[in-house]
Each structure stands twice: as structure tokens, then as C-alpha cells.
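Below are the chains, spelled out letter by letter.
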Amino acid sequence: KNDFSDSVLEALGAKSGAKGVQKVEMPSKKKNADSIDIESFAARFLAVFPNHKDEYKQNVAKYGEFLYDDFFRKAGVQELQNVLKEGNKRHISKYFELLNLAYTNGEQNVAATVIYTIICGTVFSDNPCEKELELQLQKYSYLNTAVRNAKMILKTDKAKAKYL
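Residues numbered from 1 in each chain as written. Predicted model: local features only at pLDDT ≥ 70, side-chain atom pairs only at ≥ 80, totals over all residues. Heavy atoms only, no water.

Draft legend 1. Up close: the overall build of the protein. Counting secondary structure elements, the protein contains ten helices and zero strands. Counting every position in the protein, which comprises 164 residues, the buried fraction comes to 39%. Relative to all contacts within the protein whose residues are 6 or more apart in sequence, the contacts with residues 24 or more apart total 64%. As displayed, the protein offers around 9700 Å² of accessible surface, 48% of which is attributable to carbon and sulfur atoms. (Helix = DSSP H or I, 4+ residues; strand = E, 2+ residues; numbered from the N terminus. Buried < 20%, exposed > 50% of the residue type's maximum accessible area, 1.4 Å probe, protein only. Contact = heavy atoms within 4.5 Å. Areas by Shrake-Rupley, 256 points an atom, 1.4 Å probe, with all protein chains shown as cover.)

Draft legend 2. The side chain of Thr113, seen in detail. In this structure, Thr113 sits in helix 7 (residues 108-123). Contact partners of Thr113, with chain neighbours within four places excluded, come to Ile38, Phe41, Tyr68, Phe72 and Ile118.

Draft legend 3. Broad picture of the nonpolar core. Ranked by internal contacts, the top residues of the largest apolar core, which has 42 residues, are Phe41, Ile115 and Ile119. Of all the secondary-structure elements, those providing two or more residues to this core are helix 3 (38-48), helix 4 (53-63), helix 5 (68-86), helix 6 (89-105), helix 7, helix 8 (130-137) and helix 9 (141-153). Broken down by element, the residue count for this core peaks at eight residues, all from helix 7. With residues up to four places along the chain from it excluded, the contact list for Phe41 reads Ile36, Phe72, Leu98, Leu99, Ala102, Val110, Thr113, Val114 and Ile118. (Core = buried A, V, L, I, M, F, W, Y, C linked by side-chain atoms within 4.5 Å.)

Draft legend 4. Local environment of the packing of helix 4 against helix 5. Running from N to C, helix 4 and helix 5 point in directions that differ by 155 degrees, and their axes come no closer than 10 Å. When the axis of helix 4 is compared with that of helix 5, the two are roughly antiparallel. Crossing of helix 4 over helix 5 shows right-handed handedness. For the pair formed by helix 4 and helix 5, the contact residues are Glu55, Tyr56, Asn59 and Tyr63 on the first element and Asp70, Phe71 and Ala75 on the second. Along the lines of polarity and charge, the residues of the contact of helix 4 with helix 5 split into four nonpolar, one polar and two charged. (Axes fitted to C-alpha atoms, helices over the stretch in contact; angles between N-to-C directions. Parallel < 35°, antiparallel > 145°, perpendicular 65-115°, else oblique. Left-handed = near helix turned anticlockwise from the far one by under 90°. Nonpolar A, V, L, I, M, F, W, Y, C, P; charged D, E, K, R; others polar.)

Okay, structure coming up:
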């Protein structure tokens with residue numbers, strides 16, 4: 001980069017490269033909120049999985065705002081696959097409690113992120129861990145019903161391309 005491009009970026013309020021990553025603030029939970037918004041969900045996710053904080057910062061720095069679908073498509077699916085593969089009941093329970101809370105108390109975009117991006121993203125991935133996933137979903141009736149309905153919607157490749 002040169003001084004001219006840095007000056008233009010600064011004048012426009014844009015963040016550049018690694019400098020932008022350093023300045024990104026972490027999301028925070030809303031206080032006294034009736035529902036969970038996407039920032040609160042991200043904050044809760046990062047509290048459970050702090051290893052994704054750098055990915056969050058890079059997402060915000062790269063796009064200038066938090067592109068939650070992109071972030072959870074990578075980090076959320078990866079963590080769900082990891083906890084299901086590792087089989088640690090406490091970790092599985094903690095993640096599913098987070099997903100259930102976000103789905104039942106979250107705003108519409110949070111509920112869609114939980115069902116379509118994270119859970120269905122895992123179901124239709126190369127490594128679905130479907131047996132363990134189905135077993136866990138049986139414990140959460142709202143999540144289970146929503147995922148069953150989503151899987152019906154996502155039967156065609158066209159629907160998968162649109163929603164996943």
C-alpha cells in the first residue's frame with residue numbers, strides 16, 4: 001500500500017488489511033432485551049468458542065460490517081461438526097443449549113441462522129455426523145421440528161443453493 005491509498009481509505013472511513021482487524025470491536029450481548037439479535041448471538045457464540053474471535057474480527061475488517069451468514073457458515077458449522085465428532089457430552093450440550101436459546105428467543109434472522117446456516121449447513125455438508133445430530137435434536141422439540149421442516153424444503157439442489 002502507499003500513502004495515497006491509505007489516505008483515501010482513511011478519508012472514506014474504510015479499514016485496510018491488518019490495521020482494520022486490530023480495531024474491530026467484539027460483539028456484545030444486549031442488556032435487558034426480550035429477544036436475541038444477531039450481535040448478541042455472535043457474542044454468546046464467541047463466549048462459548050473464543051477460538052473464533054480472530055475470524056470474527058477478520059470478517060468485520062474484510063467487509064466493513066459483520067456478515068453473520070458468512071461467519072456462521074464457516075465457524076458455526078465447523079464447531080458443530082467438531083463437538084459431534086469429539087463426543088464430549090458437556091460440549092455438545094452447551095452448544096445445543098446455545099442453539100436452542102437462540103432459536104427460541106432470537107429474532108428471525110437469528111432463528112434462520114441457527115436452522116439453515118448452522119444445523120442444515122452441517123446436515124448437508126461433506127461430514128454431517130447425522131446420527132449424533134439427530135440424537136441431540138430429539139432433546140429440543142422446537143429445534144427438531146424446525147430442522148425437519150427445513151430438510152423438507154432443502155430436498156432439491158436449487159433450494160440448497162438458495163438457502164445454504
